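Summary of structural features
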Amino acid sequence: MSARRLAPLIALVLAWPAVAEATTVRVWHAYRADEEKALAILARRYEAQHPGVTIDLVALPYDAYAYKLESAIPLGNGPDLFIAAHETLGERAKAGLVTPLGDVTADEAAAFLPHTVEPLRYDGQLYGLPLGAKSLALFYRTDLLPRAPETTDELFTVKQKGVTPLAYETASAFYHAAWLHAYGGRLLDENRRPQLGRPESVRALEAVYALQKEKLIPEDATSTLAARLFNDGKAAAVMNGPWFAGEIDPGVPYRVAPLPRVSATGQPLAPLLTIEGVFLAARARAPKEALDFARALASTDGAIVRARTGRQVVATRAAWDDPEVQKGADLLAFRAQLDSVVPMPNGRELSLSWEPIQRALRRTLRGAAPAARALADADAEILARLRPPPPPGRSLPFALVLSAFALAGAVLLVVRAQKTDGGVAPALRRVAREARTARGAYAALAPAWIAMALLVFVPFAVGAGMSLYHHQDGHWTFVGWGNFLDILLCRDGDVWSPLSFWYTLVVTVAWTAINVLFHVAIGVTLALLLRDPYLRARGLYRVLLIIPWAVPSYITALTWRGMFHRQFGAINGILVWLGAEPVSWFAKFSTAFAANVATNVWLGFPFMMVVTLGALSRIPKELEEAAALDGATGWQRLRHVVLPLVLPAMLPAIVLGAVWTFNMFNVIFLVSGGEPDGATEILVSQAYRWAFTRGHQYGYAAAYAVLIFLLLALQSALTRRREEA
Amino acid sequence: MATVVIEKLGKDHPGVRGAVTKVLGEISIEIADGELLVLVGPSGCGKSTLLRCIAGLETPTRGRILIDGKDVSHLEPRDRDIAMVFQSYALYPHLTVRENLAFGLKMRKTAPSEIEKRVGEAAAMLGLEALLERRPAQLSGGQRQRVAMGRAVVRRPKAFLFDEPLSNLDASLRGQMRVELMRLHQRLGATMVYVTHDQVEAMTLADRIAVLEKGRLMQVGAPGELYARPANLFVARFIGTPEMNVIPVEAACRLGLVPVELPASAAQLGVRAEGVTVGRAQSARASAINAAPQATVDVVEQLGWEALVHLLIDDIRVVARVESGAAPRPGDVVRVALAPEALHVFDAAGDRVELEVPRRERA
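What follows covers the overall build of chain B. Regarding its fold elements, chain B presents 10 helices and 19 strands. Considering chain B as a whole, with its 363 residues, one finds that 51% of them fall into the buried category. Relative to all contacts within chain B whose residues are 6 or more apart in sequence, the contacts with residues 24 or more apart total 67%. When the accessible surface of chain B is totalled, it reaches about 17,000 Å², and 49% of it is carbon and sulfur.

Written out as structure tokens, the structure is:
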């Protein structure tokens, strides 16, 4: 083919990306089901009206959504538009993940319902267009409540029928906010600082505690529990958001209504408002087309589709005049709720506050502390959270030390080369020769090396490097040893606090020791019992006893958590049946720790049992016969012959078990969740919280991880030395 | 030291589909105080099972075991006061030699001073003094064997049991250890029950031998007696190297090999290799044996001090023992005669039939 014929082809191939991209608008979202359908309809409609533009919709899993945005956009791999709730706008704006839309005229703003545009502003700039408004409302069963209750007193009269009047996730700050606002409290004050200790907030929490004691709201309720109670007719009403409709069983008669007024204050329950907006991402490749599509989504037509098909509570005023939309009673109820909502503050200060607020709620609701004190403690904690970062360090000393090490390493290599091969060049030649002969072997090993490098060494190096930095809102500052010093010297808290490294270390060591002890004791005992070759159904027992190990650990952890539930759990059920008092398992350290240990022991003993069985099978029968003839009783045989021969064989297993238990995140996180108040956290779960729930303090968490690694490396080295002794 | 009486001992093993294997039939043996009884027989004959029943490691289905007159059949091994030396020595790998020796005494809570004394004695007796601080993994096979014996000796039990202790050793070591065992027995004067499949060991070590086959007791007696007067064909064949020549009586008569009159019940004729005379047709004794049947020499095994000549008489194979120098060559034709006093007669069931043997006629 001649060059001339190829040229247009080449030009096309080279220009294709530019050509293709100029007309593709990538939109990321976390919609499902109906909402996703509505979005798809609007995308296709837009494409039909704008030939040459393709809308590429990408549905992301909800949990990873924020993280993906954070990581992809700065690299230029992000979308043009993304649909998200407004509360993270502040952090995202600071991190440079979004682009301001430019000014929106007063007319345009008037097209939306009140309160829906402001939350999408930050620092005076508008970053997104409002699509939907989400808030809580009241779902009530029409067979238990004749009409929508207007006051809480009215709602609570239903108790006479023997059902729980109102069910919702009681210990969640998000849900509790409705009560907070009804009592005149706020999550953040005008300066965006938490003010939880205010009298109004205290009164709100005390009121809710009183409700719980009178059994007007359930104890320790999760959303799942609330749904179950509602579906079974054991709860008359549930306070929840529009997503709850999907959890109601068919056949349950219900209606949606705005939340009632609190009889004590006369103010309506005012939940937090979340505005779902469409944002223009930074580094969007097709900003003009993207903005146009965004406008289309927020337009009246777009809103009508979203309201009809997606069942969203849309922010566009005119859409509510549509006759089809008017027919949706649920939607109208949510719309009515919008008259008494409080927009959620959209900055970093709130995301740091969730955990302490929840902790205060839980403490108060289980009666461990009076509301005033719990909230005051939470305030103090949040202030600690908003901790100033460690002072930036100088990277020069570190660079020097690193170079010194590298230099020393190089010198050592050269010296060795001199010794074994008489020089660097001959050494390199020898290595090349060996590599050539062993080509096949290296090729076979290469995939494993590459995998190890990518999955183990590189992340490890990156993590270790990260520990020398401080991260805030997407900016990294070098702080040298700052993070380590903060952790080890407990610079932002005191040593006795459950949040401190040392406290957590003690808990972790105790956790590991106790668990391994039980694992080995139970595993060895069972192995000795199963050893008898004439035991009937021996095979069956072995299979049954392996099952705990075979079931994925998080399923086990969740199951056990359910069993330890104070009100509805199986364990308390058995205790009550035996005549004992039900135990509030997660209210005290000792019982929460015991619950964790019970779960982990159940998970871990089969491993030790199997290893012991293997070790036992290697002991010749004659050894025990000789011991029997020598005069040893069964117990003496066990102590002097069997165990001394089995335990050394089990040492590797015990070391492994110790390391796994030390890092057993699943059980701690899912069973006790660190309750009470973070007292049962172990090092690895504490690190997780620092990284992901306390304002993305990645550097701090990385330092934690490095410390955990050093501890375990030390333990392994010590065990190896003892083994060789 | 004590007597051991095995009274009508039997053991059944449940087999497939309800069939029952008699691992041990009805066995009765009385072992005198200080006697070394060897249980010998081919593999699967039940000798190890019998030994383990005496030890208490297996439970017999029938019968009793009495040690020093006391019925121990229902006692645990640890209460029977016997010591056992295993084929694989069964030394405790995690203990030193000293600790191995002391183990039994420690289990019975013996005083430390007494333990010291006895361990020292046993070590001296078996030449283990230099090895006391070593672990079994650092010992040779022979050393381990001695430690195993030492462990038994230290306990001063009523009886010693040996389960093929020399089988794992090489030939020369086996010879040495055999002698050491005999010395030990002489020194201790202990009652010992010894199991082996090697009839040479049995012949050299035993005060008495008990031959077992398929769970049945074939014969019990002193080695000489078993050699000279085997009670049945099995014992006759099992004891003695090379194996006794067994010829069906009618074939022997037909070939003219029988120099004496045989009883009517005779079915098999046995003669050991040394009872077969081989002569050249042209030798000085030609007249005496010219009437004897002819045989072809098949193979000659030269042992240095003697030769084993394998002969073929028609279709009958016979092995003869001759002096090295007088051995014929393969292919030679020779005359064969059987010495009358060396004959053993067995009936159709394989049992010995007594023979009136006339004094050997001198020519």
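This is not the end of the story, as more comes after the structure.
Helices and strands together make up the secondary structure of chain A, namely 29 helices and 14 strands. The buried share among the 725 residues of chain A stands at 46%. Taking the intrachain contacts of chain A between residues at least 6 apart in sequence as the baseline, contacts between residues at least 24 apart amount to 72%. Only carbon and sulfur atoms are counted for the fraction: they give 63% of the accessible area of chain A, which is about 35,500 Å².

What follows concerns the sheet that holds strand 11 (residues 245-248) of chain B. Residues and elements named next belong to chain B. Across the sheet, four strands lie side by side as 11-12-18-19; this open sheet has antiparallel pairing. Strand pairing shows two members of the sheet lacking a second neighbour, strand 11 and strand 19 (352-353), which therefore form its edges. Direction of pairing for strand 18 (residues 343-347) relative to strand 19: antiparallel, over a ladder of two bridges. Paired with Val345 across the two strands is Val353, which belongs to strand 19.

Looking now at the side chain of Gln212(A). Residue and element names in this part refer to chain A. Position of Gln212 among the secondary structure elements: in helix 8 (residues 199-213). For Gln212, a relative accessible area of 8% gives the class buried. Separated by 2.6 Å, the side chain of Gln212 and the backbone oxygen of Leu365 make a polar contact. Beyond its immediate stretch of four places on either side in the chain, Gln212 contacts Ile217, Pro218, Glu219, Asp220 and Leu365.

Consider a sheet: its strands pair through backbone hydrogen bonds, and that pairing is either parallel or antiparallel. Residue and element names in this part refer to chain B. Spatially, the four strands line up as an open sheet ordered 2-1-4-5, and their pairing is antiparallel. One side of each edge strand has no neighbouring strand; the edge strands of this open sheet are strand 2 (20-31) and strand 5 (70-71). Bridge count between strand 1 (residues 4-14) and strand 2: eight bridges; the pairing is antiparallel. By the bridge assignment, Asp12 is partnered in strand 2 with Lys22. With respect to the sheet, helix 1 (residues 47-55) is in contact with strand 1, strand 2 and strand 4 (62-67), its orientation differing from that of strand 1 by roughly 115°.

In total, this model carries 42 salt bridges over all chains according to the counting rule given. Note that Glu116(B) and Arg98(B) form a salt bridge whose closest N and O atoms lie 3.9 Å from each other. Of this pair, Glu116(B) sits in helix 3 (residues 112-126) while Arg98(B) sits in helix 2 (residues 97-107), and the two are 18 residues apart along the sequence. A cluster of three or more residues bridged by salt bridges with shared partners is formed by Asp630(A), Asp81(B), Arg151(B), Arg155(B) and Lys158(B).

Another point: the interface of chain B and chain A. Tallying the contact residues gives 22 residues for chain B and 17 residues for chain A. Roughly 1,800 Å² of surface becomes buried between chain B and chain A when both sides are summed, with 61% attributable to carbon and sulfur atoms. Taken as a group, Arg78(B), His94(B) and Met107(B) account for 31% of the area that chain B buries against chain A, more than any other trio of residues on that side. Across the contact surface, chain B and chain A share three salt bridges. In this structure, Arg151(B) engages Asp630(A) in a salt bridge whose closest nitrogen and oxygen atoms are separated by 3.8 Å. Here chain B is connected to chain A by eight residue pairs in polar contact (both at pLDDT 80 or more).

What follows concerns helix 26 (residues 634-662) of chain A. With 29 residues, helix 26 of chain A extends only 35 Å from end C-alpha to end C-alpha; this falls clearly short of the ideal 42 Å at 1.5 Å per step. Taken as a whole, helix 26 of chain A carries its principal kink of about 45° at Met650(A); the proline Pro652(A) stands between one and four residues after it.

Time to look at the packing of aromatic side chains. Within a pair of aromatic rings, the relevant descriptors are the distance that separates the centres and the angle that separates the planes. Residues and elements named next belong to chain A. Enumeration according to the criterion identifies 36 aromatic pairs over all chains in this entry. Both rings, one in Trp481 and one in Phe484, keep their centres 5.8 Å apart while their planes meet at 65°; by these two values the pair is edge-to-face. Consider the rings of Phe665 and Phe669, whose centres lie 4.9 Å apart with planes at 20°: the pair is stacked. Note that Phe665 and Phe669 are positioned in helix 27 (residues 665-672) at a spacing of four residues, about one turn of the helix. By relative accessible area, Phe665 is classed as partly exposed at 21%. The exposure class assigned to Phe669 is partly exposed, which follows from its relative accessible area of 26%.

Turning next to a positive patch on the surface. Residues and elements named next belong to chain A. On the surface, a cluster of positive charge is contributed by Arg429, Arg433, Arg436 and Arg439. No other element matches the three residues that helix 17 (residues 424-437) contributes to the positive patch. Here Arg436 shows up in helix 17. A relative accessible area of 51% means that Arg436 is categorised as exposed.

All names here are of chain A. Packing of helix 21 (residues 538-550) against helix 24 (residues 589-617) leaves a shortest axis separation of 6 Å and a crossing angle of 130°. Classed by the angle they form, the pair helix 21 and helix 24 counts as oblique. The chirality of how helix 21 crosses helix 24 is left-handed. Of the residues in helix 24, those touching helix 21 at Arg542, Leu545, Ile546, Pro548 and Trp549 are Trp602, Leu603, Phe605, Pro606, Phe607, Met609, Val610 and Leu613.

Here is what the cut-offs are and how they apply
- Residue numbers restart at each chain and count upward from 1, following the sequence in its written direction.
- Here every chain gets a letter starting at A, and every ligand a number starting at 1, in the order they are written.
- Only residues with pLDDT of at least 70 get local features here, since the model is predicted, and only at 80 or more are side-chain atom pairs given and counted; chain-wide, interface and lining totals rely on the full set of residues.
- Heavy atoms from the whole structure form the basis of all side-chain values; hydrogens and water molecules are not counted.
- Numbered from the N terminus, helices here are DSSP runs of H or I no shorter than four residues, and strands are runs of E no shorter than two.
- Here's how the labels work: a residue is buried when its accessible area is under 20% of the maximum for its type, exposed when over 50%, partly exposed in between, all with a 1.4 Å probe on protein chains only.
- Two residues form a contact once any of their heavy atoms are found within 4.5 Å.
- Note on areas: Shrake-Rupley, 1.4 Å probe, and residue coverage restricted to the protein chains presented here.
- Criterion used throughout: strands pair if DSSP finds at least two bridges between them.
- Counted as a polar contact is a pair of N or O atoms within 3.5 Å, where, for protein atoms, one must be capable of donating a hydrogen and the other of accepting one, and residues adjacent in sequence contribute only when both atoms are in side chains.
- A fitted line through C-alpha atoms represents every axis, and for helices the fit uses only the stretch in contact; the resulting angles, taken between N-to-C directions, go from 0 to 180 degrees.
- Here, a salt bridge means any Lys or Arg side-chain nitrogen found within 4 Å of an Asp or Glu carboxyl oxygen.
- For any pair of parts, buried area is found by adding up, for both, the accessible area (1.4 Å probe) each one loses once the two are put together.
- How far a helix is expected to stretch is found by multiplying one less than its residue total by 1.5 Å.
- At every residue, the bend is computed as the angle between two fitted axes, covering the seven residues ending there and the seven beginning there respectively.
- Under the pairing criterion, centres of Phe, Tyr and Trp rings, with the six-membered ring standing for Trp, must be within 6.5 Å; the plane angle then separates stacked pairs below 30 degrees from edge-to-face pairs above 60, leaving the rest tilted.
- Within this analysis, patches are made of residues with over 30% relative accessible area and no salt bridge. Like charges are joined at 9 Å or less; nonpolar side chains (Val, Leu, Ile, Met, Phe, Trp, Tyr) at 5 Å or less.
- Counted as positive: Lys and Arg. Counted as negative: Asp and Glu, with His and the chain ends omitted from the count.
- Throughout, a charge is located at the NZ atom of Lys, the CZ atom of Arg, the CG atom of Asp or the CD atom of Glu.
- If an angle is under 35 degrees, it is roughly parallel; if it is over 145, roughly antiparallel; if it lies from 65 to 115, roughly perpendicular; otherwise it is oblique.
- By definition, turning the near helix anticlockwise from the far helix through less than a right angle yields a left-handed crossing, and turning it clockwise yields a right-handed one.

Taken by themselves, the reported measurements are silent on function.
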